Amino acid sequence: MKRISAMISAIPSGLFRSLRHQFSTPAMINERAFQKLREYADTSNDDFVKALCVGIERLLPDRQNPVRLNLIASCFRELLTYQLDTLAPHAVVQQCPWYVQDPTAKAATRRQRLRYAISGGLPDAVLTTLGVDEPGSIADLITLYNEASKYTHVRPDRINHPDDEVGDFVVDGVSALDGLREEIDLLCDDVKEHLRQAISEHTLQEFLGAVLDELDILSTHTRVEYPFVDEITVEKIDQSHVYVGVTGDVNVELVYGSGSDFRRGEGATLDDSFPFEVSLRSPVTDLDKFETTQPIKVDTSSWYE
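The residue numbers shown here count from 1 along each chain, following its written sequence. Where local features are concerned, this predicted model is filtered to residues with pLDDT of at least 70; where side-chain atom pairs are given and counted, the filter is 80 or more; whole-chain, interface and lining totals use all residues. Water and hydrogen atoms play no part in the side-chain values, which are based on all heavy atoms of the structure.

### Some words on the overall build of the protein chain
Elements are defined by DSSP. Helices are runs of H or I of four residues or more, strands are runs of E of two residues or more, and each kind is numbered from the N terminus. When you go through the protein chain residue by residue, the secondary structure sums to 12 helices and four strands. Only protein chains enter the accessibility calculation, which uses a 1.4 Å probe; a residue is then buried when its area is under 20% of its type maximum, exposed when over 50%, and partly exposed in between. Looking at the 305 residues of the protein chain, the share that counts as buried comes to 42%. In the protein chain, 66% of the contacts between residues at least 6 apart in sequence involve partners at least 24 apart. Accessible surface for the protein chain amounts to roughly 16900 Å². Of this, 52% is attributable to carbon and sulfur atoms. Contacts are assigned to residue pairs that have any heavy atoms within 4.5 Å of one another. The accessible surface values rely on the Shrake-Rupley method and a 1.4 Å probe; as for residues, cover is taken only from the protein chains in view.

### Digging into helix α9 (residues 136-152)
The terminal C-alpha atoms of α9 lie 24 Å apart, and with 17 residues this matches the ideal 24 Å at 1.5 Å per residue to within 8%. Ser137, Ile138, Leu141, Ile142, Leu144, Tyr145, Ala148, Ser149 and Tyr151 are the residues of α9 that are buried. Buried positions along α9 lie against α5 (68-87), α7 (110-119) and α10 (163-209). A helix is expected to reach a length of 1.5 Å times the quantity of its residues less one.

### Concerning the layout of surface pockets
Considered as a void within the structure, the largest pocket measures approximately 720 Å³ in volume. The set of elements that each furnish at least two residues to the lining of the largest pocket consists of α5, α7, α10 and β1 (221-237). A total of eight residues in the lining of the largest pocket trace back to one element, the largest contributor, which is α10. Classification used: nonpolar for Ala, Val, Leu, Ile, Met, Phe, Trp, Tyr, Cys and Pro, charged for Asp, Glu, Lys and Arg, polar for all others including Gly. For the lining of the largest pocket, the residue count by class is 15 nonpolar, eight polar and eight charged. Of the two site types, the cavity is a set of points on a 1 Å grid over the protein atoms alone where a 1.4 Å probe fits but cannot get out, and the pocket is an open set with protein on both sides within 12 Å along at least five of seven lines, each lined by residues with an atom within 4 Å of a point. Grid points are joined across faces, edges and corners, and a volume is the space filled by probe spheres set on the points.

### Some details on the nonpolar core
Ranked by internal contacts, the top residues of the largest apolar core, which has 78 residues, are Phe76 and Leu122. The element contributing the most residues to this core is α10, with 15 residues. Contact partners of Phe76, with chain neighbours within four places excluded, come to Ile56, Leu144, Phe169, Val170, Gly173, Val174 and Leu177. We call a set of buried Ala, Val, Leu, Ile, Met, Phe, Trp, Tyr and Cys residues a nonpolar core when their side-chain atoms join them within 4.5 Å.

### Points about the pairing of strand β3 (residues 268-283)
Only strands joined by at least two bridges in the DSSP assignment are considered to pair. Pairing of strand β2 (residues 241-256) with β3 involves 16 bridges; the strand directions are antiparallel. By the bridge assignment, Thr247 is partnered in β3 with Glu277.

### Some words on the pairing of β1
When β1 meets β2, the two strands line up antiparallel, connected through 14 bridges. Residue Arg223 lies in a different strand from β2, and its bridge partner there is Glu253. Hairpin geometry of β1 and β2 is characterised by an intervening segment of three residues between the two adjacent antiparallel strands.

### Topic: the packing of aromatic side chains
Pairing of aromatic rings covers Phe, Tyr and the six-membered ring of Trp, with a centre-to-centre limit of 6.5 Å; geometry is then stacked below 30 degrees between planes, edge-to-face above 60, and tilted otherwise. One pass over the full model with this rule turns up five aromatic pairs. Pairwise contacts between aromatic rings join Phe76, Tyr151 and Phe169 into one cluster. A positively charged side chain is recorded as over a ring if its NZ (Lys) or CZ (Arg) lies within 6 Å of the ring centre. The angle to the ring normal must also be within 35 degrees. Directly above the aromatic system of Tyr145 lies the positively charged group of Arg110, at a separation of 3.6 Å from the ring centroid.

### Things to note about the pattern of salt bridges
Only one rule defines a salt bridge in this text: a Lys or Arg side-chain nitrogen within 4 Å of an Asp or Glu carboxyl oxygen. This model, assessed by the stated rule, comprises 12 salt bridges. Here Asp163 makes a salt bridge to Arg63, at a shortest N to O gap of 2.6 Å. Taken together, the residues span a long stretch of sequence, with Asp163 in helix α10 and Arg63 in the loop between α4 (47-59) and α5 at a distance of 100 residues. Ionic pairing is found between Arg115 and Asp124, a salt bridge with its closest N-O pair at 2.8 Å. Residues joined in a network through salt bridges with shared partners are Lys36, Asp178 and Arg181.

### Remarks on the sheet that holds β1
One open sheet accounts for four strands, arranged β1-β2-β3-β4; its pairing is antiparallel. Either end of the sheet is taken by a strand with one partner, and the two such strands are β1 and β4 (291-298). Neighbour to neighbour, the strand axes of the sheet diverge by 20° on average, direction disregarded. Here an axis means a line fitted to C-alpha atoms, over the contact stretch when the element is a helix, while the angle between two N-to-C directions is reported on a 0 to 180 degree scale. Lying over the sheet, α10 contacts β1, β2, β3 and β4, oriented at roughly 155° with respect to β1.

### Looking at the side chain of Asp46
Along the polypeptide, Asp46 turns up in the loop between α3 (26-42) and α4. Of the side chains bearing the opposite charge, Lys50 lies closest to the buried Asp46, which forms no salt bridge; the N-O distance is 8.9 Å. Polar contacts involving the side chain of Asp46 include one to the side chain of Tyr82, which spans 2.6 Å. In this tally Asp and Glu are treated as negative and Lys and Arg as positive; neither His nor the chain ends contributes. In protein, a polar contact requires one atom able to donate a hydrogen and another able to accept it; more generally it is a pair of N or O atoms within 3.5 Å, and residues adjacent in sequence count only if both atoms are side-chain atoms.

Nothing here speaks to function; it is all geometry.
Below, the structure is given as structure tokens:
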């Protein structure tokens, strides 16, 4: 299988596309484009993104429209511009520790904004520690924008595009936008795995240093034995911090009675565990340094059932 995959990957992309079209009808090409577009729209919770996807979908089968691809390209260019305006505003990108003003640009470049959209303010050294190289989706999205701009500037030789060119543009465009989503998710996964041990240690210290009324009222004395971190969610990476939500279970020993009660054989202990959640953040320049942004919450409702 690996040898076959290597042989396929060795085929030049232009030749591969040509071979694919020999066995594809316009309807098949458009159906692939429709499917990719609908999947992208369905997984978005943004009404503007959905509206642009509807516009592209309605243009796809309009073969009589000489500027069909030009209008589709305009929609894709606005889709990417809107995503960058939403995920990577110029003023925020310029506050990142890695940001250096490009002398040829008035503000953050498109490449810098795409980097921020994926990895926030994480500096090069931290990305290297995480094993993250520049995502390929950045190059794909820049290519998409340049291609879209070319078609958007309508000229006599840039109209009346055939079905295969239109279909390929839509498929490649949605794939590039999907790549941005995937890179964001992959980066968050890398950050989570890197932080897991440090978060576990920090959470233990938080439990040992906190007085939690919801635990204390359960017994004469409640001893925290160890919190087990279950889920780590990277909620946001901005220009200065990584924000994470942590859930898990804390194992406790519930002690009933005083020291003298135990000496008389009248004391008792009981082991139990309860779910907890806590919100943390760490600087983008030092991921292993945490502070708690919201107090630990322990759900002891099961005790009263």
